[in-house]
Amino acid sequence: MRKLIVTEFISVDGIAEVEKLPSVTWNDEMNRFKEDELADSGAMLLGRTTYEIFAGSWPKETGDFADRFNALPKYVASTSLKALDWKPAELLKGPLPEAARTLKQGSGGNIYVHGSLSVAQELLRHGLVDRVRLLSYPGAVGQGKPLFPAGEPVALELISATPFSNGVVALEYAPVAAKS
């Protein structure tokens, strides 16, 4: 069975809006973290907004990482999109939790949710997330969209914590209900 893994850039106060995060220099350690995710990834599960942002930028990128990232199957949770230009891609049908359960039963590498906060939150709410991988930036932003909404506690077991030389900390957690 495939694992469903949420991966986010996040501030120390839990805000997962990339444009609000403190500036850090992207380094080899962060690159290695993302390379490891890509090597483990068999597909992406994205919400409409993240899909549109990625579709507007990733096809223009070049190099080995971009080629492999662009080639991954993309499953998109959207009720408003009718066509997907960044291929290979498929619109999910029916309720997200059922569609995610079906995807997890498939073969191939693990399924990564990049960004897509509403998708990540719904999957966490339904106990469908097997891992949460975070790049925690060194700073609090004070306000914005949190990964974990107020009033919705999520019990997590720490799998690993690795500080990087630029102040970012790579964190991996397993939701307690989804331990495997």
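It should be noted that the structure appears before, not after, this text.
Position labels on residues start from 1 in each chain and follow its written sequence. Local features in this predicted model are restricted to residues of pLDDT 70 or higher, and side-chain atom pairs are both shown and tallied only at a pLDDT of 80 or more, whereas totals for entire chains, interfaces and linings draw on every residue. Excluded from the side-chain calculations are hydrogens and water; all other atoms, namely the structure's heavy atoms, are used.

Draft legend 1. Examining the packing of helix α1 (residues 28-40) against helix α3 (residues 64-71) more closely. Here an axis means a line fitted to C-alpha atoms, over the contact stretch when the element is a helix, while the angle between two N-to-C directions is reported on a 0 to 180 degree scale. Secondary structure elements follow DSSP: runs of H or I no shorter than four residues count as helices, runs of E no shorter than two count as strands, and numbering proceeds from the N terminus. Interaxial distance between α1 and α3 falls to 10 Å at its minimum, and their mutual angle equals 40 degrees. Compared by their axis directions, α1 and α3 come out oblique. With respect to the hand of their crossing, α1 and α3 are arranged in left-handed fashion. Across the interface between the two elements, Lys 34, Glu 35 and Leu 38 of α1 pack against Phe 65, Arg 68 and Phe 69 of α3. Across the contact of α1 with α3, the residue classes tally to 3 nonpolar, no polar and 3 charged. Every angle not falling under 35 degrees, over 145, or within 65 to 115 is termed oblique; those three ranges are roughly parallel, roughly antiparallel and roughly perpendicular. What makes a crossing left-handed is the near helix being turned counterclockwise from the far one by less than a right angle; a clockwise turn instead makes it right-handed. Contacts: residue pairs with any heavy atoms within 4.5 Å of one another. Three classes are used, and their members are as follows: Ala, Val, Leu, Ile, Met, Phe, Trp, Tyr, Cys and Pro are nonpolar, Asp, Glu, Lys and Arg are charged, and the others, Gly among them, are polar.

Draft legend 2. Main features of helix α5 (residues 117-125). Those residues of α5 not exposed but buried are Leu 117, Val 119, Ala 120, Gln 121, Leu 123 and Leu 124. Looking one or two residues beyond α5, the residue adopting positive phi is Gly 127, at roughly 70 degrees. The buried label goes to any residue with under 20% of its type's maximum accessible area, the exposed label to any with over 50%, and the partly exposed label to all in between, with areas taken from a 1.4 Å probe on protein chains only.

Draft legend 3. Main features of the nonpolar core. Grouped together as the largest cluster of nonpolar side chains are 26 residues, with contacts concentrated most on Leu 45, Leu 92, Val 113, Leu 123 and Leu 147. Those elements giving two or more residues to this core turn out to be β1 (4-11), β2 (41-47), β3 (74-77), α4 (96-105), β5 (110-114), α5 and β6 (131-137). Here this core takes 5 residues from α5, the largest share from any one element. Those residues in contact with Leu 123, other than ones at most four positions away along the chain, are Leu 4, Leu 45, Leu 96, Ala 100, Val 113, Leu 128 and Val 129. With 11 residues, the next largest nonpolar core counts Met 44, Tyr 51, Leu 72 and Val 76 among its residues. The set of buried Ala, Val, Leu, Ile, Met, Phe, Trp, Tyr and Cys residues whose side-chain atoms join them within 4.5 Å is what this entry labels a nonpolar core.

Draft legend 4. A look at the environment of Ser 160. Relative to the helices and strands, Ser 160 is located in strand β7 (residues 156-163). On the accessibility criterion, Ser 160 (29% relative accessible area) is partly exposed. The residues touching Ser 160, leaving out its near neighbours within four places in the chain, are Ala 170, Leu 171 and Glu 172.

Draft legend 5. Molecular detail of the side chain of Asp 130. Within the secondary structure, Asp 130 sits in the loop between α5 and β6. Two N or O atoms form a polar contact when they lie within 3.5 Å of each other; inside protein one atom must be a possible hydrogen donor and the other a possible acceptor, and for residues adjacent in sequence the pair counts only when both atoms belong to side chains. There is a polar contact of 2.8 Å between the side chain of Asp 130 and the backbone nitrogen of Leu 4. Within the local environment of Asp 130, its side chain forms a polar contact with the side chain of Lys 104, the two groups lying 2.8 Å apart.

Draft legend 6. Seen up close, the packing of α4 against α5. With their axes 10 Å apart at the nearest point, α4 and α5 run at an angle of 80 degrees to one another. The orientation of α4 with respect to α5, classified from their angle, is roughly perpendicular. Residues Leu 96, Pro 97 and Ala 100 of α4 pack against Val 119, Glu 122 and Leu 123 of α5. Broken down by class, the residue content of the contact of α4 with α5 amounts to 5 nonpolar, no polar and 1 charged.

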